[in-house]
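For reference, the chains in residue letters:
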Amino acid sequence: MWEAVEREYDSYDLAYLDRINELINKLGEKGIYTLVDAHQDVFSRHYCGEGMPAFYATGKDVEHECEGWLLPFILKTKGICKSIKDYNFRKDAQGFPLIEDCNAHFFARYYGTPEAMSAFDWLYNNIGGLQERYLKYWNVVADKFASNPFVVGYDPINEPFIGNFLKDPTMLIPGSMDLNQLQPMYEKVFKVYEKYDDEKIMFYEPVQTPDTFAVLGGLIFPTGFTSNPGSDENSRRHALNDHTYCCEVSEHMCDDKEPPLDQDETCWDFHQWRLNVRDKDAERYNVPLLISEFGACTSS
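Keep in mind that what you see is a predicted model, and the values were worked out from it rather than measured.

Turning our attention to the overall build of the chain. For the chain, the helix and strand inventory stands at 8 helices and 11 strands. For the chain, whose C-alpha radius of gyration is 19 Å, the value lies close to the compact-globule estimate of 19 Å for 300 residues. With respect to the principal axes defined by its C-alpha atoms, the chain has extents near 50 × 45 × 40 Å. Counting all 300 residues of the chain, 50% fall into the buried class. Contacts in the chain between residues far apart in sequence, at least 24 positions, make up 75% of those at least 6 positions apart.

Further remarks concern the nonpolar core. Soluble globular proteins: nonpolar side chains tend toward being buried together. Core analysis: the biggest nonpolar cluster contains 66 residues, and Met52, Tyr134 and Trp138 have the highest contact counts within it. Top contributing element to this core by residue count: helix 6 (residues 130-145), with 9 residues. Sequence-distant contacts of Tyr134, defined by excluding residues within four places in its chain, comprise Trp2, Leu123, Pro156, Ile157, Met185 and Val189. Counting 8 residues, the second largest nonpolar core, distinct from the first, contains Cys246, Val249, Cys254 and Val277.

Here the focus is the pairing of strand 3 (residues 34-37). A one-sided burial pattern is seen for strand 3, the buried positions being Thr34 and Val36 and the unburied ones Leu35 and Asp37. Across 4 bridges, strand 3 lies against strand 6 (residues 151-155) in parallel orientation. By the bridge assignment for strand 6, Asp37 is matched with Asp155.

Evaluation of the coordinates by the stated rule reveals 4 disulfides. Described in terms of the sequence order of its bonded cysteines, the disulfide pattern of the chain is 1-4, 2-3, 5-8, 6-7.

Moving on, we get to the packing of aromatic side chains. Pairs of aromatic rings are described using the distance from one ring centre to the other and the angle between the two planes. For the structure shown, the criterion picks out 26 aromatic pairs. Relative to Tyr110, the ring of Tyr87 has its centre 5.4 Å away and its plane inclined at 75°; by these criteria the two rings are edge-to-face. Within this pair, whereas Tyr87 is found in the loop between helix 3 (70-76) and helix 4 (99-102), its partner Tyr110 is found in the loop between helix 4 and helix 5 (114-125), the two being separated by 23 residues in sequence. Members of the aromatic cluster, connected to one another through ring pairs, are Trp2, Tyr9, Phe55, Tyr56, Tyr134, Tyr137, Trp138, Tyr154 and Tyr193. The ring of Tyr16 has Arg7 lying over it, and the distance from NZ or CZ to the ring centre is 6.0 Å. The lysine or arginine in question, Lys82, covers the ring of Tyr87, its NZ or CZ lying 4.1 Å from the ring centre.

By secondary structure assignment, the location of Lys200 is in the loop between helix 7 (176-196) and strand 7 (201-204). Residue classification places Lys200 among the buried positions, given a relative accessible area of 7%. A polar contact is formed between the side chain of Lys200 and the backbone oxygen of Asn148, at a distance of 3.1 Å. When near neighbours in sequence (up to four residues on either side) are disregarded, Lys200 contacts Phe145, Ala146, Asn148, Val151, Val152, Gly153, Tyr154 and Arg237.

Reading across the sheet, the 5 strands line up as 3-6-7-10-11 and stay open at both edges, with parallel pairing between neighbours. With one partner strand each, in any of the chains shown, strand 3 and strand 11 (289-294) form the two edges of the open sheet. Each strand of the sheet is rotated relative to its neighbour by a mean of 30°, with strand direction disregarded. As paired elements, strand 6 and strand 7 share 2 bridges and run parallel to each other. When the bridges of strand 7 are listed, Tyr154 appears paired with Met202.

Cut-off values and rules
Residues numbered from 1 in each chain as written. Predicted model: local features only at pLDDT ≥ 70, side-chain atom pairs only at ≥ 80, totals over all residues. Heavy atoms only, no water. Helix = DSSP H or I, 4+ residues; strand = E, 2+ residues; numbered from the N terminus. Rg over C-alpha atoms; globule rule 2.2 N^0.38 Å. Buried < 20%, exposed > 50% of the residue type's maximum accessible area, 1.4 Å probe, protein only. Contact = heavy atoms within 4.5 Å. Core = buried A, V, L, I, M, F, W, Y, C linked by side-chain atoms within 4.5 Å. Pairing = 2+ DSSP bridges. Disulfide = S-S within 2.5 Å. Phe/Tyr/Trp six-rings, centres within 6.5 Å; stacked < 30°, edge-to-face > 60°. Lys NZ or Arg CZ within 6 Å of the ring centre and 35° of its normal. Polar contact = N/O pair within 3.5 Å; in protein donor to acceptor, adjacent residues only side chain to side chain. Axes fitted to C-alpha atoms, helices over the stretch in contact; angles between N-to-C directions.

As far as function goes, none of this settles anything; it's purely spatial.
Written out as structure tokens, the structure is:
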């Protein structure tokens, strides 16, 4: 996790990486290989998530309101475009919302805040040099694990989310985010991996929304990458990586934080459809498909 590696600006916790390396080695001794993923959910502690160091794109820096009037008003009725400030969460000593307050709602709801969408924009468009800092983080991590034979590869970023689509509505076109935001960034990350190791695999993910829409039983569209980022076809250094959760069937499927048991057939149909679409995507890029997350429940 980026925020665990870069604890202070330009200061990296190598002791933390040593502990992770020890854990990977213990798993490897039992025949378990590790995919190192830059994990995030909602990207920042400032808005009930984690992943990015909190001193980048702080609560003061990002946008707190969606642009426009009518569309943001309509979106707010769907729980989108509601500022994290409007939840009125209590704060801890560091100024972050209390986790117990955040957990009162399903965490994915916070992706719809203008703060989260703004932060992802910062990453994709290198606003404030954020993408450069992210690449530097990957330099540190890739250098650390290059010689570890139990590390099978890297996932550049967990579940990349859409940026501020109100500023650029073309982001809502399925495949657009993959092509215009993720592919150029992934190409830069792949060059970082190549610097340290010519064996480890990039398990790259498509954007979650709009490649998958939580409407009409879940709409799944083909990914928009035109090639494996940083490489031609027939790459032995790439795999397409996706996640599948039944919560993406509809906006209310996980109102109680996980799908109801009586929706098992609906969930099964959704997973079958999603894997079939992603299998065709992987075939188009001539690489393997990995589903690295699936089906997890939050409480039961």
